[in-house]
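# Descriptive structure summary
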Amino acid sequence: MTKKIRIAIQKSGRLNEDSLQILKDCGVSIDNGRDQLKANAANFPLEVFYLRNGDIPQYLRDGVVDIAIIGENVLIEKGDDIAIAQKLGFSKCRVSLAVPKSTKYDSVKDFEGKKIATSYPNTVMNYLNQFGIKADLHIINGSVEIAPNIGLADGICDIVSSGSTLFKNNLKEVEVMLKSEAVLAVSPKIDTERQVILDKLLFRIRAVLKGRD
Ligand code: PRP
Ligand code: MG
């Protein structure tokens, strides 16, 4: 039996739909829905694992999956050792620092000694280190933008897409730390047989992306 390439896709959230769409545009149809954590492609040697975003870098590292469609920001935070085969051009966002609108803000130095709520501690720490700034990080996994309003933090770091979550929570974006989009990431443990399948898939993905330009 020939091997199948194992791809991780976000289980739910903003990457899920576009990830399945790009596979579909590549002529890879997945025969059952999101209710199952695993699904097979009908016409391509590929199986899909629906996983939580934050878990995907570790699955790639361990070789439990061969490839993944994931936000570059998640790789930067948790998997900067993992290779990117192709940027995919969707789910564009920024990872930014924000503070309450009413806070007077001059420069990144204003974060010295401040409390920052975030799900991206490594990204924030690396950024602030460049400026020699030490802040107090509060790691939370979601609804980060509420933290200043409930007195948990002076500022936040999170992804910004349309900016509407910042707006609704009376926050202003003050530092863009990085820009991100969905990427196809590859496990360092992918074997040669599956690398051949990956090359076929990449060929199709690149053709699709070219058509979208
Ligand atoms: C994400 C992210 C931001 C928001 C950015 O949250 O954490 O809060 O989207 O998008 P916007 O700029 O278009 O408003 P999500 O809604 O995925 O929920 P979570 O933070 O609770 O995981
Ligand atoms: Mg959020």
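Placed above this text is the structure.
Figured I'd write up the structure that's included with this text. Model, not experiment: these values are computed from the prediction.

### A closer look at the site of ligand 1
Around ligand 1, the surrounding shell holds 13 residues, and the nearest of these are G142, S161, S162, S164 and T165. Ranked by the residues each element gives to the shell around ligand 1, the list is headed by strand 9 (residues 155-160), at three residues. Counted by class, the shell around ligand 1 contains three nonpolar, eight polar and two charged residues.

### A few points about the sheet that holds strand 3 (residues 46-51)
With mixed pairing, six strands are arranged side by side in an open sheet as 2-3-1-4-11-5. The open sheet is flanked by strand 2 (38-40) and strand 5 (83-87), the only strands paired with a single partner. Averaged over all adjacent pairs, the angle separating strand axes in this sheet is 30°, with direction ignored. Pairing analysis gives two bridges linking strand 1 (residues 5-10) to strand 4 (residues 67-71), with the strands arranged parallel. The residue bridging I7 from the neighbouring strand is I67, located in strand 4. Of the strands in this sheet, strand 1, strand 4 and strand 11 (182-186) touch helix 1 (residues 16-25), which is tilted by about 145° from strand 1.

### Side note on the sheet that holds strand 6 (residues 93-100)
The sheet built from five strands is open, its strands ordered 8-7-9-6-10 with mixed pairing. Because the sheet does not close on itself, it has two edges, and the strands there are strand 8 (136-139) and strand 10 (171-180). Across the sheet, the mean angle separating the axes of adjacent strands is 25° when strand polarity is ignored. By the bridge criterion, four bridges tie strand 7 (residues 115-118) to strand 8 in an arrangement that is parallel. When the sheet's bridge partners are listed, T118 is paired in strand 8 with I139. Across the sheet, helix 4 (residues 121-130) lies against strand 6, strand 7, strand 8, strand 9 and strand 10, angled at about 165° from strand 8, the strand it touches most.

Rules used throughout
Residues numbered from 1 in each chain as written. Chains lettered and ligands numbered in written order. Predicted model: local features only at pLDDT ≥ 70, side-chain atom pairs only at ≥ 80, totals over all residues. Near = placed C-beta within 6 Å. Helix = DSSP H or I, 4+ residues; strand = E, 2+ residues; numbered from the N terminus. Nonpolar A, V, L, I, M, F, W, Y, C, P; charged D, E, K, R; others polar. Pairing = 2+ DSSP bridges. Axes fitted to C-alpha atoms, helices over the stretch in contact; angles between N-to-C directions. Contact = placed C-beta atoms within 7 Å.

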